[in-house]
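Each chain, letter by letter, is given below.
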Amino acid sequence: MNRITTCILAASAFVFIAPALAQSPAPKVDPAVVEAFVAATWKSTTGDWRARVDQDETQKACTASNNEPTGPLFDQIRDRETAAVIFPADGKVLGDWKKGAQVAQRGTGGQFTDQANTYRGGNCYACHQMSKAEVSYGTLGPSLNGYGKLHRFDAAEARKTYAKIYNSMSVMPCSQMPRFGHSKFLSEEQIKDVVAYLYDPESPVNK
Amino acid sequence: MRIRTSAIAALTAACAVLGVGLLAGGHAQGQQPEQDLSEKEIERYRAMISDPISNPGFLNVDRGEQLWSLKRGAKNVSLETCDLGVGPGKLEGAYAKLPRYFADAGKVLDLEQRLLFCMTTLQELDTKDVIARRFSGPGRVSDMEDLVGFIANKSSGMKIEPQVSHPKEQEMLAVGEAMFYRRSAVMDFSCATCHAAEGKRIRLQGLPDFSKPGKAAQETMGSWPTYRVSQSQMRTMQHRLWDCYRQMRMPAPDYASDGLTALTVFMMKQAQGGEITVPSIKR
């Protein structure tokens, strides 16, 4: 591997996990007041939906630090989220890339207008370029075109990618990317399929 | 009928334009990224549908005018003496200065909250039905969308003047900003996830940056309420925020709740000085 490739690899790894560039000034209001407003805004919310309003420890820490946790807080979030990653029992992180393409394309599910059984998509294309053939892609995240090739289709790298998709904050605390596995938004099988979509040499991502 | 026909024509044209955009994007490989071409085609589509003569949102404005002078409620009076902040019954420029603090209510209200307040206090109208029809749909008109269209139109051509001098307004601004950055729910999203950087897109849709004052915030806030072609309805900022939280996988926020008003105060502050041109027409 030449020096340029190494450089590109390092840069792409950084970009993929870069946290939000915080621009929010210091809070000027008591957080308890904000939470009272939040509670009033979702007063009618009941049942399972209630949990979506309340923040978990990591969401609280990321909000309070403007997504730029430093020092012990950074380590604390990373360690907590790393401990929460569940790998497939058989250790296999590569699923079916064709099914992964569907997960990457589809953005349905989990909205208050959806049915409980509505298909949940990963909606990767909302933020990332992947296959060159798909021109309708967002730019909130870096391009993932050629991702597997860039990582030499390496098995250890694929395992790291599984962890990133399962819980982005295990790699970069306060990353903007959802913790798809941690929140159970995507199933283990769906995440494996997306990893295959990124790593299979036959996948359009690597064409 | 003409309006209906032109709306269909606009949709057909939009599909054709988007189709061309996708094709053009697929062929553009070199120095000019496909992003620029797609952006150009979308801009062309926007220009095509931004024709005030064929904007069905003006039907809402007309209906809103009738509702404003309609006598109803236990008191059988109209809304014509309702004070929207610039004096009883005065409509010109009222929307440009909302949300704002109202001493009689003891709190900061946006236009929709203020209208509900006037309906309850002036007309003694049971607002249950009005709230049930807060968002229009097939076979369901919304008094609120009509009234907001009519009243906001009376500020068209004026500049956004956020009201942030009263301590309660300052509190709302701070709360709104905090809510804008507050991460939650299954996706860990906040408003800032999509709206705190310049020139970003979700799929092909451009995302206005609300993290700093300026053009993006001005153009966005200056163009609501709007007629949404994809929904065939007039929509207000209350609906836009409800729709944002839907996409964020949050539960539905309560209509006319104070948190949404706080967010609106924050966004209007970022949009200070922007020109209001409403109702606009959007995708």
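Procedures and definitions
Going along each chain's sequence as written, the residues are numbered from 1 onward. The order in which chains are written sets their letters, starting at A; the order in which ligands are written sets their numbers, starting at 1. Owing to the predicted nature of the model, reporting of local features is limited to residues with pLDDT of at least 70; listing and counting of side-chain atom pairs is limited to 80 or more, with chain, interface and lining totals taken over all residues. Excluding hydrogens and water, the side-chain figures rest on all heavy atoms present in the structure. A helix here means a DSSP run of H or I that spans at least four residues, while a strand means a run of E at least two residues long, and both kinds are numbered starting from the N terminus. Relative accessibility under 20% of the residue-type maximum defines a buried residue, over 50% an exposed one, and the middle range a partly exposed one, all with a 1.4 Å probe and only protein chains included. Contacts between residues were defined by any pair of non-hydrogen atoms, one from each residue, lying within 4.5 Å. The pLDDT score gives, residue by residue, the confidence of the prediction method on a 0 to 100 scale. Here, two cysteine sulfur atoms that lie within 2.5 Å of each other are counted as a disulfide. Two strands are counted as paired when DSSP detects at least two bridges linking them. Axis lines are fitted through C-alpha atoms, for helices just across the contact stretch, and the angle between N-to-C directions can take any value from 0 to 180 degrees.

(A) Region of interest: the environment of valine 278 of chain B. Residues and elements named next belong to chain B. Inspection of the secondary structure assignment puts valine 278 in the loop between α11 (258-270) and β7 (280-282). Since its relative accessible area comes to 2%, valine 278 is described here as buried. With sequence-adjacent residues up to four places away left out, valine 278 is seen in contact with Ala152, Asn153, Ser156, Gly222, Ser223, Trp224 and Pro225.

(B) Layout of the confidence of the model for chain B. Residue and element names in this part refer to chain B. In this model, chain B carries an average pLDDT of 88, and 88% of its residues clear a pLDDT of 70 or more. Confidence over residues 1-32 falls short of pLDDT 50; this stretch has 26 contacts with residues more than four positions distant or in other chains. Two numbers describe this predicted complex: its pTM, 0.87, and its ipTM, 0.88.

(C) Focus on the state of the cysteines. Overall, the coordinates contain 2 disulfides over all chains when judged by the stated rule. Shown here is the disulfide that connects cysteine 62 of chain A with cysteine 174 of chain A, its sulfur atoms set 2.1 Å apart. Disulfide cysteine 62 of chain A-cysteine 174 of chain A: the torsion about the S-S bond is -90 degrees, which places it as left-handed. Here cysteine 62 of chain A is found in helix α4 (residues 57-64), whereas its partner cysteine 174 of chain A is found in the loop between α8 (155-166) and α9 (188-199), with 112 residues between them in sequence. Across the pair, cysteine 174 of chain A and cysteine 62 of chain A agree in class, each one buried. Covalent S-S linkage joins cysteine 82 of chain B and cysteine 118 of chain B, the inter-sulfur distance amounting to 2.0 Å. The sign of the S-S torsion, about 75 degrees, decides the handedness of the disulfide formed by cysteine 82 of chain B and cysteine 118 of chain B: right-handed. Of the two residues, cysteine 82 of chain B sits in the loop between α3 (57-68) and β1 (100-102) while cysteine 118 of chain B sits in helix α4 (residues 111-123), which places them 36 residues apart along the sequence. Here cysteine 127 of chain A stays free of any disulfide, with the sulfur of cysteine 194 of chain B as its closest cysteine sulfur at 6.2 Å.

(D) The arrangement of the sheet that holds β7 of chain B in detail. Residues and elements named next belong to chain B. The strand order across the open sheet built from 3 strands is β6-β5-β7, with neighbouring strands paired in mixed fashion. With one partner strand each, in any of the chains shown, β6 (233-235) and β7 form the two edges of the open sheet. Across the sheet, the mean angle separating the axes of adjacent strands is 35 degrees when strand polarity is ignored. As judged from the 3 bridges shared by strand β5 (residues 226-228) and β7, these two strands associate in the parallel manner. Considered in β7, the bridge of arginine 228 is made with lysine 282.

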